[in-house]
Amino acid sequence: MLKYTVAGVAVVVVLVFAGYQFLNKQKSKAPDVFAKINAVWAVQGPFKNGAASAEAMRYAAKGVGGADSFYGFIDKHAAAYDSNPDRWEQIRKSSLEFAKGPEFEASLEAAKKLGAVVNPNNASSPVR
């Protein structure tokens, strides 16, 4: 009986640890995806208004493969951008620091292949 109890406790501990690791990895992926989306969005700017910025962000999310839950936030982006365009331009410029490397290039190319680039003349990596 004691062997079964010890084995059962060991299995529970392993499952709890595995679950914790899985949840931790899921949480850490969201900021990475968000940074990739922002980088692809940023290289398409500057934007003339919130609608153009939201369109670029929507296309960036699609190119990066962002979760569907991002689209609800993107729908509200146009109004947020129009209420404070200078702040969003600062965010765009700071997001350019993530616009480099092979993962970024792949995400940008995916957005371009989807036809999902608002300003194709601007949509290139600022760092070559």
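For the structure itself, look to the data block above.
Residues numbered from 1 in each chain as written. Predicted model: local features only at pLDDT ≥ 70, side-chain atom pairs only at ≥ 80, totals over all residues. Heavy atoms only, no water.

K.L.:
I'd like a description of the packing of aromatic side chains, backed by residues and values.
P.N.:
The description of an aromatic ring pair rests on the distance of the ring centres and on the angle between the ring planes. Using the criterion set out here, one finds 3 aromatic pairs in the structure. Considering the side-chain rings of Trp 41 and Phe 47, the 5.6 Å spacing of their centres and the 20 degrees angle between planes classify their relative orientation as stacked. Its relative accessible area of 9% is what places Phe 47 among the buried residues. Between Trp 41 and Trp 88 the ring centres are 6.1 Å apart and the planes differ by 85 degrees, which places this aromatic pair in the edge-to-face class. Here Trp 41 is found in helix α1 (residues 2–42), whereas its partner Trp 88 is found in helix α4 (residues 85–95), with 47 residues between them in sequence. Just as Trp 41 is buried, Trp 88 falls in that class too. Through successive ring pairs, a cluster of aromatic residues spans Trp 41, Phe 47, Tyr 81 and Trp 88. (Phe/Tyr/Trp six-rings, centres within 6.5 Å; stacked < 30°, edge-to-face > 60°. Buried < 20%, exposed > 50% of the residue type's maximum accessible area, 1.4 Å probe, protein only. Helix = DSSP H or I, 4+ residues; strand = E, 2+ residues; numbered from the N terminus.)

K.L.:
Account for α4, naming residues and giving values.
P.N.:
At 3.6 residues per turn, the α-helix brings residues three or four places apart onto the same side. Along α4, the residues that are buried comprise Trp 88, Glu 89, Arg 92 and Ser 95. An end-on view of α4 places all buried positions within 120 degrees of arc, on one side of the element. Residues of α4 that are exposed and angled more than 90 degrees away from the buried face: Asp 86 and Lys 93. (Arc of directions from axis to C-beta.)

K.L.:
Mind laying out the nonpolar core, listing which residues take part and the relevant values?
P.N.:
Among the nonpolar cores identified, the biggest contains 21 residues, and Ile 37, Val 40, Trp 41, Phe 47, Met 57 and Phe 104 are the most heavily contacted of them. Where this core is concerned, the elements lending two or more residues are α1, α2 (50–64), α3 (69–83) and α5 (101–113). If one sorts the elements of this core by residue count, α2 sits on top with 6 residues. Not counting residues up to four positions away in its chain, the partners in contact with Met 57 are Ile 37, Asn 38, Trp 41, Ile 74, His 77 and Trp 88. (Core = buried A, V, L, I, M, F, W, Y, C linked by side-chain atoms within 4.5 Å. Contact = heavy atoms within 4.5 Å.)

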